[in-house]
Structures are given as C-alpha cells and as structure tokens.
Amino acid sequence: MEIEELQAVWSEMSLQLEKQNKLTNKIIMQMTQERYSNKFSKVSTYETMGAVVCFIMAVYLLIHFSKLETWYQITSGIFTIAILLVLPIMVLRALNHMKRINIHDSNFTDTIVNYTKAKNQLLLTQRIGIYVSFVLLFASLPVFGKIIGDKDILIDHGVLFWYFPIMGIFLFLFTRWGYKCYKGITNAAENILKELEN
C-alpha cells in the first residue's frame, strides 16, 4: 500500500470513528434525559391525582357555597376555594418545569443553571404549600363544619378540641415526609445531571 492509500483509509476510519462517537454521545444524552424525566414521573402522577381531588373539593364547595351564612364562613369559603384551585396548579407547573429541562440541547453549565432555578422554584412552592396547608387546616373547618354538618364551629366548638390536635399532628408528619421525598427526588435528579460532567 502506498502512503496516499494509507491516508485515505486512515481518513475514512477517522470519519467512521467520529460518527460512532457522535451516535454514542447522542444515545447517552437521550438515556440521561429519560432517566432524569422518569425521576419526576411518579411524583407527577401523585400530584395530578391530588390536584383532581382538590378541584373536586373546590367544585363541591362552590355548589354548596350558599349554605355559608356568617362573614367568617364566607371569607373562609373563598380562601379555601382559592387555595384548592391555585396551590395544585403552582405545584404542577413547578414539577412540569423540572421535567422539561432539555439536557441534550444545552451545554452542561446551562443545564445545571436551569436545573438549579427549577429546583429552587419547586422546593419554594413546596414550602409555601406546607405553610398554606396549616392555614387551610384552620380556615376550612368553619366551611366544612357548616356545609357537611350544618354546625357553626365558633358556637359549637366541641370539634375544636379533637380536630386541631389530630389534624395538626397528621399534617406536620405528612408535610415533613413529603418535603423529604421532594428533596430526595431533586437530589437524585441532580446526581444524574452531574454524571454528564465526567
């Protein structure tokens, strides 16, 4: 073989190797994107089911809103309905933003910056949800007491002695567990992204 033939064969092998590398990188990026998105699929399903329950409760309250008589029942009713509609939408939007971070169309630095912003927004939304749910615990009691049991809890306050401690403890434990799960999921997703740096 002459030198020119060797150079031609070498060039062709280099091109094939480069194509193979590009294909391998593309496959790795697609698999990483899929692994990353899958981290949020399960929690998205649970949050979607929770949102449906919240929307059903909001519609139920709207249908029976005329049963609310006093100013504090009406105010609590408006607040409860607003929270049942707004909070699930905020959480689903933050989760959707996390899932839609595009790994293979961005460089590593942009991906990490976008991820960090989305993660901070999601965890902030979760913290807001925790605090609002404790307020909702108190605000919804006059509403549901009147609509379901036809009782004014400020006058007939026997319910207060068992409802608030039990629900407060349950809500504290549930929100703490939920927030830990979100932190775990976001940290696992971050670890997937950091694998791309190597």
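Residues numbered from 1 in each chain as written. Predicted model: local features only at pLDDT ≥ 70, side-chain atom pairs only at ≥ 80, totals over all residues. Heavy atoms only, no water.

Engineer: Just give me the short version of the packing of helix H2 (residues 41-63) against helix H3 (residues 71-99), but keep the residues and values in it.
Structural biologist: Packed helices, taken two at a time, are described by their axes: the angle between them and the distance between them. It is the contact of H2 with H3, at a shortest axis distance of 9 Å, that shows an interaxial angle of 160 degrees. Judged on the interaxial angle alone, H3 and H2 are roughly antiparallel. Read as a crossing pair, H2 and H3 show a hand that is left-handed. Facing H2, whose interface residues are Ser41, Val43, Ser44, Glu47, Thr48, Ala51, Cys54, Phe55, Met57, Ala58, Leu61 and Leu62, H3 presents Thr80, Ile81, Leu84, Leu85, Pro88, Ile89, Val91, Leu92, Leu95 and Lys99. Split by residue class, the contact of H2 with H3 holds 16 nonpolar, 4 polar and 2 charged. (Axes fitted to C-alpha atoms, helices over the stretch in contact; angles between N-to-C directions. Helix = DSSP H or I, 4+ residues; strand = E, 2+ residues; numbered from the N terminus. Parallel < 35°, antiparallel > 145°, perpendicular 65-115°, else oblique. Left-handed = near helix turned anticlockwise from the far one by under 90°. Contact = heavy atoms within 4.5 Å. Nonpolar A, V, L, I, M, F, W, Y, C, P; charged D, E, K, R; others polar.)

Engineer: Tell me about the confidence of the model for the protein, residues and numbers included.
Structural biologist: Looking at the protein as a whole, its pLDDT mean stands at 82, while 90% of the residues score no less than 70. Put simply, helix H1 (residues 3-39) is where the protein has its lowest mean pLDDT, 73, and H2 is where it has its highest, 91. (pLDDT = per-residue confidence, 0-100.)

Engineer: Help me get a handle on the side chain of Ser76, residues and values and all.
Structural biologist: Along the chain, the position of Ser76 falls in helix H3. Overall, the relative accessible area of 12% leaves Ser76 in the buried class. At 3.4 Å, the side chain of Ser76 forms a polar contact with the backbone oxygen of Ala139. Contact partners of Ser76, with chain neighbours within four places excluded, come to Ala139, Pro142 and Val143. (Buried < 20%, exposed > 50% of the residue type's maximum accessible area, 1.4 Å probe, protein only. Polar contact = N/O pair within 3.5 Å; in protein donor to acceptor, adjacent residues only side chain to side chain.)

Engineer: Before we move on, can you summarise the side chain of Lys119 with the specific residues and values?
Structural biologist: Position of Lys119 among the secondary structure elements: in helix H4 (residues 108-149). Since its relative accessible area comes to 16%, Lys119 is described here as buried. Residues contacting Lys119, with those up to four places away along its chain left out, are Met98, Thr186, Asn187 and Glu190.

Engineer: So, the pattern of salt bridges: which residues are in play, and what are the values?
Structural biologist: Throughout the structure, instances matching the rule amount to 1 salt bridge. The residue Glu190 makes a salt bridge to Lys119 at a minimum N-O spacing of 3.1 Å. One end of the pair, Glu190, is in helix H5 (residues 160-194); the other, Lys119, is in helix H4, and 71 residues separate them in sequence. On the basis of relative accessible area, Glu190 is assigned to the buried category, the value being 17%. (Salt bridge = Lys/Arg side-chain N within 4 Å of Asp/Glu carboxyl O.)

Engineer: Describe the packing of aromatic side chains, with residues and values.
Structural biologist: Under the criterion given, the structure shown has 3 aromatic pairs. Centre to centre, the rings of Phe170 and Phe174 are 5.9 Å apart; their planes meet at 15 degrees, and the pair counts as stacked. Of this pair, Phe170 and Phe174 both sit in helix H5, 4 residues apart, roughly one helical turn. Classification of Phe170 as partly exposed rests on a relative accessible area of 48%. The class for Phe174 is partly exposed, based on a relative accessible area of 46%. An angle of 40 degrees between the planes, with centres 5.8 Å apart, marks the rings of Phe174 and Trp177 as tilted. On the criterion of helical spacing, the pair formed by Phe174 and Trp177 is a turn pair, its members being 3 residues apart in helix H5. Take Trp177: its relative accessible area is 53%, and that puts it in the exposed class. (Phe/Tyr/Trp six-rings, centres within 6.5 Å; stacked < 30°, edge-to-face > 60°.)

Engineer: Which residues make up H4, and what values go with them?
Structural biologist: The end-to-end C-alpha distance of H4 is 57 Å, a good match for the 62 Å that 42 residues give at a rise of 1.5 Å each. If you look at H4, its biggest bend is around 35 degrees, right at Ser140, and the proline Pro142 turns up within four residues after that. (Expected span 1.5 Å × (residues − 1). Bend = angle between axes of the 7 residues up to and from the residue.)

Engineer: Describe the packing of H2 against H4, and please don't skip the residues or the numbers.
Structural biologist: The contact between H2 and H4 brings their axes to 13 Å, and the two run at 35 degrees. Between H2 and H4 lies a crossing whose hand is left-handed. Contacts from Glu47, Met57, Tyr60 and Leu61 in H2 reach Gln126, Val143, Phe144, Ile147 and Ile148 in H4. Of the residues in the contact of H2 with H4, the class split is 7 nonpolar, 1 polar and 1 charged.

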